Amino acid sequence: MEEPGISRRPSIYYRPINPNDLDRLEQIHRDIFPIKYESEFFQSVVNGVGIVSWAAVDRSRPDGHCDELIGFVTAKFVLAKESEIDDLICYDSSQGEETLIYILTLGVVESYRNHGIAMSLISGVIRYASGLSLCRGVYLHVIAYNNPAIRLYNRLMFRCVRRLNGFYLIKRQHFDAFLFVYFVNGSRSPCSPLEVAMFVVNYMKNGIKSVASKLTRKEEKGLKWLVPKDTDCVLPTQTEPNLGSSSSGYGLI
Ligand code: ACO
């Protein structure tokens, strides 16, 4: 059914998952994940019951399967204060109940990989989350050996905030997981003690440098004091990826 490899440039479109996608969605999950998902999960996805989802399809397929899923992302809303990252969220309860989006599954069929489809799907989730004023972030777990997925989340500027020992149990074997978060709408994690210490050290270092350089300049050239530059800050900043476009040039619809 699937093409062994895509030599032509696919024409990728993104749409919500619908009930017609049920069989294909189940099949891809079976093919690419080591974990078995219950049929209730798939029913919830295709019917949009408590789950938001996006499908990727290749409209340029010559075989009549141009609306068949070749990639997907599924996610659900979680109340921030009931989530496992409640300690990392900046709350402003005057506005209402803060939420997070938890990514449940993400997959691209093998023959369509390395075309930026996963990147577009996750960028779409971030864009969706950013448009919801009470949403504070997007987070997910990824098994510690899944390097392609880890590279993807790093590239998209997710922050790896935790390593969870033995989080997954697969065929009676435990595997660690990484917890990745992308903060949106001004939310960001409080500084860890290490970050605070680094900030103080850098602030002092830059302060001393700035004074020393001013003294040197004043001595050397007799110039007046320069307006000090902002101190370099080592605290992590939230960098928004360009959500309006994807690396592959495919647009979300
Ligand atoms: N030309 C060439 N290379 C490209 C292009 C392009 N146009 N666009 C992107 N790439 C490269 C990226 O730079 C990236 O390179 P890297 O691996 O060296 O970092 C690579 O292609 C993959 O990026 P994408 O194309 O955006 O990702 P892809 O669509 O291949 O999907 C995924 C990645 C989802 C991890 C896929 O491998 C997969 O389905 N794996 C099995 C299931 C899985 O592991 N899912 C994630 C589990 S975590 C979770 O579900 C929460």
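- Looking at an unreviewed UniProt entry, the chain carries the name histone acetyltransferase, with the source organism given as Raphanus sativus.
- Looking at the Catalytic activity (unreviewed entry) heading of the UniProt record, one finds this comment for the chain: "L-lysyl-[protein] + acetyl-CoA = N(6)-acetyl-L-lysyl-[protein] + CoA + H(+)".

1. With respect to the overall build of the chain
Now for step 1: When you go through the chain residue by residue, the secondary structure sums to five helices and seven strands.
Now for step 2: The order of α-helices and β-strands along the chain, N terminus first, is β-α-α-β-β-β-α-β-α-β-β-α.
Now for step 3: Relative to its full complement of 253 residues, the chain shows a buried share of 42%.
Now for step 4: Across the chain, the fraction of contacts at a sequence separation of at least 24, relative to all contacts at a separation of at least 6, is 72%.
Now for step 5: When the accessible surface of the chain is totalled, it reaches about 14400 Å², and 54% of it is carbon and sulfur.

2. Here's the deal with the sheet that holds strand β6 (residues 159-170)
Now for step 1: On the basis of which strands lie adjacent, the open sheet formed by seven strands has the order β1-β2-β3-β4-β5-β7-β6 and mixed pairing. The sheet is open, and its two edges are formed by β1 (12-15) and β6, each paired on a single side. Strand after strand, the sheet turns through a mean of 25° between neighbouring axes, direction not considered.
Now for step 2: Two strands pair when backbone bridges link them, and strand β5 (residues 135-143) and strand β7 (residues 173-183) are joined in this way by seven bridges, in the antiparallel orientation. Of the residues in β7, the one forming a bridge with Gly137 is Phe183.
Now for step 3: The sheet strands contacting helix α1 (residues 22-32) are β3 (69-79) and β4 (99-108), and the helix crosses β3 at an angle near 90°.

3. Comments concerning the side chain of Arg61
Now for step 1: Mapping Arg61 onto the fold places it in the loop between β2 (52-58) and β3.
Now for step 2: A relative accessible area of 5% means that Arg61 is categorised as buried.
Now for step 3: Separated by 3.1 Å, the side chains of Arg61 and Asp63 make a polar contact.
Now for step 4: At 3.5 Å, the side chain of Arg61 and the side chain of Glu68 are in polar contact.

4. As for the packing of aromatic side chains
Now for step 1: Under the criterion given, the structure shown has 14 aromatic pairs.
Now for step 2: Aromatic pair Trp54 and Tyr128: ring centres 5.3 Å apart, planes at 70°, arrangement edge-to-face. Placement of Trp54 in strand β2 and of Tyr128 in helix α3 (residues 117-130) is noted, with a sequence separation of 74 residues between them.
Now for step 3: Judged by relative accessible area, Trp54 falls into the buried class, the value being 14%.
Now for step 4: We classify Tyr128 as partly exposed; its relative accessible area is 30%.
Now for step 5: Ring centres of Tyr153 and Phe180 lie 5.8 Å apart, and the angle between their planes is 40°; this geometry places the pair in the tilted category. Of the two residues, Tyr153 sits in helix α4 (residues 147-155) while Phe180 sits in strand β7, which places them 27 residues apart along the sequence. Each member of the pair, Tyr153 as well as Phe180, is classed as buried.
Now for step 6: If you follow Arg59 out to its NZ or CZ, it ends over the ring of Tyr13, 4.8 Å from the centre.

5. Focus: helix α2 (residues 39-47)
Now for step 1: Every buried residue of α2 is accounted for by Phe41, Phe42, Ser44, Val45 and Val46.
Now for step 2: Along its buried surface, α2 packs onto α1, β2, β3 and β4.
Now for step 3: A positive phi of about 65° marks Gly48, the residue just after α2.

6. What about the nonpolar core?
A general trend in soluble globular proteins is that nonpolar side chains are found buried together.
Now for step 1: Judged by nonpolar contacts, the single largest core of 49 residues is most densely connected at Ile117, Ile122, Tyr153 and Phe158.
Now for step 2: The element contributing the most residues to this core is α3, with eight residues.
Now for step 3: In this structure, Leu88, Tyr139, Leu164 and Phe183 belong to the second largest nonpolar core, which totals 12 residues.

7. A look at unusual backbone geometry
Now for step 1: Residues other than glycine seldom take positive phi values, yet Asn114 does so here, at roughly 65°.
Now for step 2: Turning to its location among the elements, Asn114 is positioned in the loop between β4 and α3.
Now for step 3: For Arg172, which is not glycine, the phi dihedral falls at a positive 65°.
Now for step 4: Among the structural elements, Arg172 can be located in the loop between β6 and β7.

Parameters at a glance
- Residues numbered from 1 in each chain as written.
- Predicted model: local features only at pLDDT ≥ 70, side-chain atom pairs only at ≥ 80, totals over all residues.
- Heavy atoms only, no water.
- UniProt positions renumbered as here; feature names shortened; annotations may be inferred.
- Helix = DSSP H or I, 4+ residues; strand = E, 2+ residues; numbered from the N terminus.
- Buried < 20%, exposed > 50% of the residue type's maximum accessible area, 1.4 Å probe, protein only.
- Contact = heavy atoms within 4.5 Å.
- Areas by Shrake-Rupley, 256 points an atom, 1.4 Å probe, with all protein chains shown as cover.
- Pairing = 2+ DSSP bridges.
- Axes fitted to C-alpha atoms, helices over the stretch in contact; angles between N-to-C directions.
- Polar contact = N/O pair within 3.5 Å; in protein donor to acceptor, adjacent residues only side chain to side chain.
- Phe/Tyr/Trp six-rings, centres within 6.5 Å; stacked < 30°, edge-to-face > 60°.
- Lys NZ or Arg CZ within 6 Å of the ring centre and 35° of its normal.
- Core = buried A, V, L, I, M, F, W, Y, C linked by side-chain atoms within 4.5 Å.

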